[in-house]
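# Close look at the chain arrangement
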Amino acid sequence: MMKRISSLALAVLLLALIAPFGLRGAAAAENLADMPGDSRQLVRAVAMADGKVLVTGGNNGTAHLASSLIYDPELNKWTAAEPMQKARFNHAAALLQDGRILVAGGSNFNDGALSSAEIYDPASGTWSSAATMTVPRYSATASPLPDGRVLVAGGSNDSGDLNTTEIYDPVADTWTPGPNLPAPRKEHGAAVLGDGRVLLAGGTESGIMTNSAVIYDPALNDFTAAANIPAARYVLAGASLPD
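Everything in this summary refers to the structure shown in the same document. (Residues numbered from 1 in each chain as written. Predicted model: local features only at pLDDT ≥ 70, side-chain atom pairs only at ≥ 80, totals over all residues. Heavy atoms only, no water.)

### Things to note about the pattern of salt bridges
This structure, assessed with the given rule, holds 8 salt bridges. Residue Asp-161 is joined to Lys-186 by a salt bridge in which the shortest nitrogen-to-oxygen separation is 3.3 Å. Here the residue Asp-161 occupies a position in strand S14 (residues 160-161), and Lys-186 occupies one in strand S17 (residues 185-186), the gap between them amounting to 25 residues. Classification of Lys-186 as buried rests on a relative accessible area of 17%. (Salt bridge = Lys/Arg side-chain N within 4 Å of Asp/Glu carboxyl O. Helix = DSSP H or I, 4+ residues; strand = E, 2+ residues; numbered from the N terminus. Buried < 20%, exposed > 50% of the residue type's maximum accessible area, 1.4 Å probe, protein only.)

### Structural notes on the packing of aromatic side chains
Considering all chains together, one arrives at 5 aromatic pairs under this definition. With a centroid separation of 5.2 Å and an interplanar angle of 50°, the aromatic rings of Tyr-120 and Trp-127 are classed as tilted. You can call Tyr-120 buried: its relative accessible area is 4%. The class for Trp-127 is buried, based on a relative accessible area of 7%. (Phe/Tyr/Trp six-rings, centres within 6.5 Å; stacked < 30°, edge-to-face > 60°.)

### A few points about unusual backbone geometry
The general pattern is negative phi for most residues beyond glycine and trans for most peptide bonds. Even without glycine at this site, Leu-42 takes up a positive phi of about 60°. Summarising the element assignment, Leu-42 is placed in the loop between helix H1 (2-18) and strand S1 (44-47). A positive phi angle, close to 60°, is found at Asn-90, a residue other than glycine. Following the sequence through the fold, Asn-90 ends up in the loop between strand S4 (77-81) and strand S5 (92-95). Residue classification places Asn-90 among the buried positions, given a relative accessible area of 13%.

### So, the environment of Ala-191
Note that Ala-191 resides in strand S18 (residues 189-192). Residue Ala-191 is classed as buried on the basis of its relative accessible area, which comes to 15%. In the structure, Ala-191 is positioned 47 residues away from Gly-238 in sequence and 5.2 Å away in space, judged by C-alpha atoms. In this structure Ala-191 touches Arg-197, Val-198, Leu-199, Gly-238, Ala-239 and Ser-240, once residues within four positions along its chain are discounted. (Contact = heavy atoms within 4.5 Å.)

### Quick word on the nonpolar core
Core analysis: the biggest nonpolar cluster contains 16 residues, and Leu-102, Val-150, Val-152, Tyr-168 and Trp-175 have the highest contact counts within it. Broken down by secondary-structure element, the contributors of at least two residues to this core are S5, strand S6 (101-104), strand S9 (117-121) and strand S12 (150-153). Aside from chain neighbours lying at most four places away, what touches Tyr-168 is Leu-102, Ile-119, Ala-130, Arg-149, Val-150, Asp-173, Thr-174 and Trp-175. (Core = buried A, V, L, I, M, F, W, Y, C linked by side-chain atoms within 4.5 Å.)

### Here we look at the sheet that holds strand S11 (residues 141-144)
Strand order in the open sheet made by the 4 strands is S11-S12-S15-S16, with antiparallel pairing throughout. If you trace the sheet from one side to the other, it starts and ends with S11 and strand S16 (174-177), each paired once. On average, each strand axis in the sheet is tilted by 25° relative to the strand beside it, whichever way the strands run. When strand S15 (residues 165-169) meets S16, the two strands line up antiparallel, connected through 4 bridges. In the sheet register, Tyr-168 faces S16, and the bridge partner there is Trp-175. (Pairing = 2+ DSSP bridges. Axes fitted to C-alpha atoms, helices over the stretch in contact; angles between N-to-C directions.)

Function-wise, these values are silent; they only describe arrangement.
Structure below.
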């Protein structure tokens, strides 16, 4: 039952990721191939530039995972990718402008909250180390900005929930502090809007499930309040639609 639930949940997420590429209809979700190997939770899935999807890390309930998988929606097939350098779950991940994928933070059963980051290069099929974040964090989000940088927002670590953000520059391989969120937020959804701003919605805010939303404006380097979502929710995902 655990594998069936995990596969169905990932199928819905994969459909949201690959829909902008126009590869399959809505009915295809129930026909997606199961992932090979163990069931896994708290993974991150990122649509790559070629339309394939990279799924990284997670845990199977008893062990954390470094393994990575690539889903090909044209063939409805999974293949193994090179494992990450560090096992992690509940991490943040984002597609960079050059087609590489940034993975940052998360946690594992040995180390707790992680500050390490690494980058997957689809051209070589390999992972390389990236600069370490300024603070460890898990249950955060990573959102690409129009200038190629990546906003990592919120999350939690052993000190508690975080209202901090940081911005990764892949050219300089550096992290710099971003503006603080209005309140500590984790397990929220994030999506890049058509104008380059970033919507953060739901999650838990100061430890309480919330329906609030905020928008980050890269031009102003600040957050402003957005309309509340109709009902509070957490551990959700956000995806930008083609329109």
